[in-house]
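Each chain, written out:
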Amino acid sequence: MKGSPAWYDVDEGGEVDPARLWQDVRAVWSSLSWRRTKWETALSLCMEQTITSLRPGDQREEEIFADGWEPLSINAVESVVETLHSRLTSSQVKPQFVTSGAGYEMKRAAQRAGEFLDGAFYGGNVWTDVAPDVCHDAIRFGTGIAFAWVDGGALRYERVRPWELLVDEIDGADRRPRSMYRIRYVDRGVAASRWPEGSDAIALAPMPTGDWATVDTGTRSDVIVVCEAWHLPSGKEAGDGLHVISVEGAVIASEEWKHDRFPFAVMRYQRTPSGWYGRGVPDQIVGLQYDINATLLCIRDCHRFAGMQIFIERGSKVTKTHLGNEVGAIVEYDGRPPQFFTPQTVHPEMYNWLQTQYQRCFERAGVSQLAAQAQLPPGLNGASGKALRAYINESDSRFIVVLRDYEEMHVELARCSMLALEDSDGASVIHKGRGRVREIKWAEVRVGSPYVIQVLPASLLPSTVAGRLEAVRDLINDGIADALALDPQTIQRLLNWPDLESEGLTAGRDAVDEVIERMLDTGETATPDSTLDLALCASQGVRWYAQLRRDGEDVDSDSLSLLRAWIDASVQLQPQPPEAPPAPEMPLQ
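Residues numbered from 1 in each chain as written. Predicted model: local features only at pLDDT ≥ 70, side-chain atom pairs only at ≥ 80, totals over all residues. Heavy atoms only, no water.

### Overview of the confidence of the model for the protein chain
As a note on interpretation, predicted positions should not be read in detail where pLDDT is low. Taken as a whole, the protein chain shows an average pLDDT of 79; of its residues, 76% reach a score of 70 or greater. The low-confidence segment residues 380–385 (pLDDT under 50) makes 6 contacts with residues lying over four places distant or belonging to another chain. In this model residues 499–503 is a low-confidence stretch, pLDDT under 50, and it forms 7 contacts with partners more than four residues away in sequence or in other chains. (pLDDT = per-residue confidence, 0-100. Contact = heavy atoms within 4.5 Å.)

### Focus: the packing of helix H3 (residues 76–88) against helix H9 (residues 348–365)
Between H3 and H9, the shortest axis-to-axis distance is 10 Å and the interhelical angle comes to 35°. The hand of the H3/H9 crossing is right-handed. Contacts from Ala76, Ser79, Val80 and Leu84 in H3 reach Tyr358, Cys361, Phe362 and Ala365 in H9. Split by residue class, the contact of H3 with H9 holds 7 nonpolar, 1 polar and no charged. (Axes fitted to C-alpha atoms, helices over the stretch in contact; angles between N-to-C directions. Helix = DSSP H or I, 4+ residues; strand = E, 2+ residues; numbered from the N terminus. Left-handed = near helix turned anticlockwise from the far one by under 90°. Nonpolar A, V, L, I, M, F, W, Y, C, P; charged D, E, K, R; others polar.)

### Some details on the nonpolar core
Leu84, Phe116, Tyr157 and Met267 are the most contacted members of the largest nonpolar core, which totals 63 residues. Other than its neighbours up to four places away in sequence, leucine 84 contacts Ile139, Tyr269, Val281, Ala365, Val367 and Phe399. Judged by nonpolar contacts, the second largest core, of 40 residues, contains Val25, Leu165, Phe264 and Val266. (Core = buried A, V, L, I, M, F, W, Y, C linked by side-chain atoms within 4.5 Å. Buried < 20%, exposed > 50% of the residue type's maximum accessible area, 1.4 Å probe, protein only.)

### Comments concerning a nonpolar patch on the surface
There is a patch of nonpolar side chains on the surface, built from Ile310, Ile312 and Phe340 and spanning about 250 Å² of accessible area. Among the residues examined, isoleucine 310 registers a relative accessible area of 35% and is labelled partly exposed. (Patch = residues over 30% accessible without salt bridge, like charges linked within 9 Å, V, L, I, M, F, W, Y side chains within 5 Å. Areas by Shrake-Rupley, 256 points an atom, 1.4 Å probe, with all protein chains shown as cover. Salt bridge = Lys/Arg side-chain N within 4 Å of Asp/Glu carboxyl O.)

### Description of the pairing of strand E2 (residues 143–151)
For E2, the tally of buried residues reaches 7 of 9 residues, placing the bulk of the element in the interior. Here E2 pairs with strand E9 (residues 264–268) via 5 bridges, running antiparallel. Considered in E9, the bridge of alanine 146 is made with alanine 265. Pairing between E2 and strand E3 (residues 154–160): 7 bridges, direction antiparallel. Paired with phenylalanine 147 across the two strands is glutamate 158, which belongs to E3. Hairpin connection of E2 to E3: 2 residues between the antiparallel strands, including glycine 152 at a positive phi of 65°. (Pairing = 2+ DSSP bridges.)

### Here we look at the pairing of strand E7 (residues 242–247)
Walk down a regular strand and you will see the side chains alternate between the two sheet faces. Here E7 lies mainly inside the structure; 6 of its 6 residues are buried. In E7, alternate side chains face the same way, and those of Leu242, Val244 and Ser246 on one face and His243, Ile245 and Val247 on the other are all buried. Two elements, strand E6 (residues 223–231) and E7, share 5 bridges in a ladder whose sense is antiparallel. Across the sheet, glutamate 228 pairs through a bridge with isoleucine 245, a residue of E7. The pairing of E7 with strand E8 (residues 250–256) spans 6 bridges and is classified as antiparallel. Within E8, the residue paired with valine 244 across the bridge is serine 254. Count of turn residues in the E7/E8 antiparallel hairpin: 2 residues, of which glycine 249 carries a positive phi of about 95°.

### A look at the sheet that holds strand E5 (residues 179–187)
The antiparallel open sheet is built from 5 strands, whose spatial order is E4-E5-E6-E7-E8. Each edge of the open sheet carries a strand with a single partner, namely strand E4 (165–166) and E8. Across the sheet, helix H1 (residues 18–31) is in contact with E4, E5, E6, E7 and E8; its angle to E5 comes to roughly 100°.

### Describing the sheet that holds E9
Taking strand neighbours across the sheet as the criterion, the 3 strands line up as E3-E2-E9 in an open arrangement whose pairing is antiparallel. Every interior strand has two partners, whereas the edge strands, E3 and E9, have only one. On average, adjacent strands in this sheet sit at an angle of 20° to one another, irrespective of strand direction. Along the sheet face, helix H12 (residues 400–421) touches E2, E3 and E9 and points at about 175° away from the line of E9.

### Comments concerning the packing of aromatic side chains
All chains considered together, the criterion is met by 15 aromatic pairs. Measuring from centroid to centroid gives 6.1 Å for tryptophan 7 and tyrosine 181, while their planes differ by 65°, and the two rings are edge-to-face. A residue pair is termed long-range when its members are at least 10 positions apart, and tryptophan 7 in the segment before H1 and tyrosine 181 in strand E5 qualify at 174 residues. Owing to a relative accessible area of 0%, tryptophan 7 belongs among the buried residues under this scheme. Owing to a relative accessible area of 6%, tyrosine 181 belongs among the buried residues under this scheme. Ring plane angle 85° and centroid distance 5.4 Å describe the contact between phenylalanine 121 and tyrosine 157, whose orientation is recorded as edge-to-face. Linking phenylalanine 121 in helix H4 (residues 104–123) with tyrosine 157 in strand E3, this pair joins segments that are 36 residues apart in sequence. The pair formed by phenylalanine 121 and tyrosine 157 is uniform in burial state, with each residue classed as buried. Here the aromatic cluster, defined as three or more aromatic residues joined through ring pairs, consists of Trp39, Phe141, Trp163, Trp276 and Tyr277. Over the ring of tryptophan 29 we find arginine 36, and its NZ or CZ is 3.9 Å from the ring centre. Positioned over the ring face of tryptophan 276 is arginine 268, at 5.0 Å from the centre of the ring. (Phe/Tyr/Trp six-rings, centres within 6.5 Å; stacked < 30°, edge-to-face > 60°. Lys NZ or Arg CZ within 6 Å of the ring centre and 35° of its normal.)

### Examining empty space enclosed by the protein
Counted by the stated rule, this structure contains 1 cavity of 30 Å³ or more. Size it by volume and the largest cavity reaches roughly 40 Å³. In this structure, the largest cavity is lined by Arg26, Pro206, Met207, Pro208, Thr209, Trp212, Val225 and Glu248. (1 Å grid on protein atoms, 1.4 Å probe; cavity = no way out; pocket = protein on both sides within 12 Å on 5 of 7 lines; lining within 4 Å. Points joined across faces, edges and corners; volume = space filled by probe spheres on them.)

Structure follows, in structure tokens:
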């Protein structure tokens, strides 16, 4: 038997009742109070402050105290969190579009769509701000979230804190909820600009009260609470999906939600057996950190109350006022002299226990203390690049699931970008490639189906210049470069040094590839000229031809015909070697 109507049960006119929506949101908010307590504890441990509320302006600046304890002098939680964050975000992840069974035109469109996404990620600070913040949230709180939308013809990305996105515990028990709610504070003017159709309701919206009341800090901020709710459709043709934006007392935007997913990219540090939210590092080692705090408190008290003790025999005639810290003092006595005794301040077992608990924090999270200190094991000091890469790969195996989740978050963010771009043909980005900057419009590179978005690390080679040089040197010394027919310009690209690009050392191949791409895009015949490296023109033409044939391009297609003509012209235009002189005639016998 169904209970009271839910917020997505619209009336006969298709309207959403805002009072019912906020009632459901408050019910979900209340059910998540225990999670907010955990997030407050995690944030307190990481920031060494007393965090008793996650609302803006309600976070105290006092240093953290717990049952009279003083600030953490040994913060294992923060060390583990920052070490993991550095490890997980060390590589730049790039999603790419992969088509299935398509010809050159479709594959070229997918390539340009990938360039568009690269430009969007770069312009939206995904690699520098959003992705690192999302990863930080996943490590600290268990769940990191990113959101994409189109604003003024540009893709925008932002990090969403886990307490801003509400998922009902029962609805999201299997991590497949049907409804989501995002609660956020938005400046009144910004909200009116972003949702002009609801400007009247936004102007009348009250200041945050109740569960979302902000603390009066004396500033002149004018924020309102905006709720954005999504409900997935029951099926492909159900038509009951809904996307609503509301302020207290009014709905400012409402539309049908036709997609089978939410517009969020999510990363979880550790997945729990039940529930949509993940589990973070502080929640795993909070008990060990509290034990470290208690041990530190005991050691501190021992040091504070420790001191020299003086034993005086009863009946001895020692003047106690003569005992002091004066240098060269004379103490008169009869009988036995006083004995001065300095006991051991702290038992060594207590220090051993402190070190043991601190080490267990790192072991629980799978992090080496040496990694936290940016040090190598003694046996690897001065080791070769191969040995160091093997050590890094082995240490990363502990986080393979988290690393994949971090990569998958980028893929999900790319899918969210596609959702946001569905009704935004005017969107454009600035892309830098092959030494030049150009604008790419989404309407010109829109990818049709079917396509798949896969993860492509920015480079499988090390990120440092020295490490990249060592890896490329290994490719050459091991004969792999010869086996793969890597020419000098390809090796220069692998090094990825900005100085090489600025000096134009890769310009020759870039110019040839650009001419070939333009020829294939326009379908017009192109002929190499004397300004290009004709040998390189021929080799790159063969490379392009082989790649298209591998991808299933028909041998009689226009693309392959153009490439054959290009290769023939490149060979014919090359200067022919001089003919060998005739062999001398044999003398007559």
